[in-house]
Amino acid sequence: MNQQHLELYTDYLITSFGQTTATGLSAMLSGDISHDAVTRFLSARDYTARDLWLAVKKTVRQIETDDAVLIFDDTIQEKHWTDENDIMCWHFDHCQGRMVRGLNLLNALYHAQGVSVPVAFEIIRKPNHFCDIVTRQEKRSSDVTKNELLQKMFNLCVNNQLKFRYVLMDSWFSAKENFDLIRGRRKHFVAALKDNRLVALSAADRQQGRFVRVDSLVLSDKQTVRGWLKGFDEEVLIVRRVFTNKDGSSGELNLVCSDLTCDGEQVAQLHQKRWKVEEFHKSLKSNAGLAKSPTRRVRTQQNHVFMSMYAVFKLECLKMTHKLNHFALRSRLYIKAIKLAYDELLEMRAAA
């Protein structure tokens, strides 16, 4: 890896407020590095989760604690006008409830001592073409599922001797296979459950197959009950969260936790930390130019994703030093840029 080019490119992503191009980076450096050199850097080889881990490892070792959390979640970056390929294709966005075209990125975010660091990632690939029998439209599929990718990333984090106690996930990743793997590696999980998940509240009910839907349980906010999820062998905690939506309506969320020593308040606090990955995704899109690269080849597109993630990591390091969030840091850069532009305008008028 060309460390100099990596630092320059990611600094450019942080300081740029428009499209990010090889020509733009060269212009920022007054031509000291040609745009061809930047293009060669982006297309030299594939940058993977291993490269990300090597880049963030030193910082992680400084902040890691035994009770830290590892958060898994995916996000979609829409790119309507970019040509379709194996990674730039159609994905179902559960937030919008429809198919969108763009990049689908699965992340593992490590959170400890108030610091959030990306430690692994996978870009969803769909290389297989098939025809939908109902719509008769050509579609794409992946060789592996997101849950299989999550399991690969989890094992990678454990093999990297990353210290953490809990794995946090939303309902899309609350699969039995994921729970088995996490407990098999002596970690605990806190995850959201879909309303139709089945649970037995006693060993006798479980043995006789008397399971009920989790949303049918009568629980107050942060109240817990012990039980067994259908298909999962270990006893777990079921926790109900009751919250108020922006429109004033009330909603409920059912959580499952494998750590039987926790109470409802502790489970709620642990699950609240899952929001850190949403903050990471927002910064990735708003502060690191995830969608602002005009690259068209698969390798350069996925390498730009890696660079954007590393840029957010650098912002997190600056946050630790300056005690400002990512948006406040970028705002400071933007104001500085406006002042320099205004001073330059005054000089141009004076010389006219």
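Bear in mind that the values here come from a model prediction, so they are computed numbers and not experimental data.

In terms of helices and strands, the protein chain carries 11 helices and 13 strands. On the principal axes, the C-alpha backbone points of the protein chain span a range of 85 × 50 × 45 Å. The 352 residues of the protein chain split such that 46% are buried. Counted over contacts in the protein chain with a minimum sequence separation of 6, partners at least 24 positions apart contribute 61%.

The next point concerns the state of the cysteines. All told, the structure shown has 0 disulfides when counted by the stated rule. As a non-bridged cysteine, C257 has C262 as the owner of its nearest cysteine sulfur, 4.4 Å distant. Look at C257 and you get buried, because its relative accessible area is 0%. Just so you know, C317 is unpaired, no disulfide at all, and the nearest cysteine sulfur is the one on C157, 17 Å from it. You can call C317 partly exposed: its relative accessible area is 24%.

For the rest of this paragraph, the subject is the packing of helix α10 (residues 298-322) against helix α11 (residues 326-351). Orientation of α10 relative to α11, taken along the N-to-C sense of each, is 90°, at an axis distance of 9 Å. Taken as axis vectors, α10 and α11 run roughly perpendicular relative to one another. Within the contact between the two elements, α10 uses V312, L315, E316, L318, K319 and H322 and α11 uses H326, L329 and R332. Grouping the amino acids of the contact of α10 with α11 by side-chain chemistry returns 4 nonpolar, 2 polar and 3 charged.

What follows concerns the nonpolar core. Most often, soluble globular proteins keep nonpolar side chains buried together rather than apart. Counting 92 residues, the largest nonpolar core has L70, Y110, V119 and M169 as its most contacted members. For this core, the element with the highest residue contribution is α10, accounting for 9 residues. Here L70 is in contact with A108, L109, Y110, V119, F154, C157, L162, F164, Y166, V167 and L168, once residues within four sequence places are set aside.

We now examine the pattern of salt bridges. Tallied over the full model, the rule gives 26 salt bridges. One salt bridge in this structure joins R165 and D259, with 3.1 Å as the shortest N-O distance. Of this pair, R165 sits in the loop between α5 (146-159) and β7 (166-169) while D259 sits in the loop between β13 (250-257) and α8 (264-272), and the two are 94 residues apart along the sequence. One salt bridge in this structure joins K222 and E265, with 2.9 Å as the shortest N-O distance. Highlighted residues: K222 in the loop between β10 (212-213) and β11 (224-229) and E265 in helix α8, separated in sequence by 43 residues. One salt-bridge network, held together by shared partners, links E7, D11 and K314.

This paragraph deals with helix α4 (residues 49-63). When the terminal C-alpha atoms of α4 are compared, their 20 Å separation across 15 residues agrees well with the 21 Å that a helix rising 1.5 Å per residue should span. Turning to α4, the residues buried within the fold contact β3 (98-112), β4 (115-123), α5 and α10.

Glancing now at the confidence of the model for the protein chain. When pLDDT is averaged along the protein chain, the result is 94, and 100% of the positions lie at 70 or above. The least confident element of the protein chain is strand β6 (residues 138-141), whose mean pLDDT is 89; the most confident is β7, at 98.

Right, let's talk about the layout of surface pockets for a bit. Here the largest pocket is characterised by a volume of approximately 710 Å³. Surrounding the largest pocket, 19 residues form its lining, F243, L253, H271, R274 and W275 being those nearest its centre. Broken down by secondary-structure element, the contributors of at least two residues to the lining of the largest pocket are β8 (188-193), β12 (236-244), α8 and α9 (275-286). For the lining of the largest pocket, the class distribution of residues is 8 nonpolar, 4 polar and 7 charged. Estimated volume of the second largest pocket: approximately 390 Å³. If you trace the second largest pocket, you find 17 residues lining it, with T75, C95, E278, H281 and K285 closest to the centre.

Rules behind the numbers
Residues numbered from 1 in each chain as written. Predicted model: local features only at pLDDT ≥ 70, side-chain atom pairs only at ≥ 80, totals over all residues. Heavy atoms only, no water. Helix = DSSP H or I, 4+ residues; strand = E, 2+ residues; numbered from the N terminus. Buried < 20%, exposed > 50% of the residue type's maximum accessible area, 1.4 Å probe, protein only. Contact = heavy atoms within 4.5 Å. Disulfide = S-S within 2.5 Å. Axes fitted to C-alpha atoms, helices over the stretch in contact; angles between N-to-C directions. Parallel < 35°, antiparallel > 145°, perpendicular 65-115°, else oblique. Nonpolar A, V, L, I, M, F, W, Y, C, P; charged D, E, K, R; others polar. Core = buried A, V, L, I, M, F, W, Y, C linked by side-chain atoms within 4.5 Å. Salt bridge = Lys/Arg side-chain N within 4 Å of Asp/Glu carboxyl O. Expected span 1.5 Å × (residues − 1). pLDDT = per-residue confidence, 0-100. 1 Å grid on protein atoms, 1.4 Å probe; cavity = no way out; pocket = protein on both sides within 12 Å on 5 of 7 lines; lining within 4 Å. Points joined across faces, edges and corners; volume = space filled by probe spheres on them.

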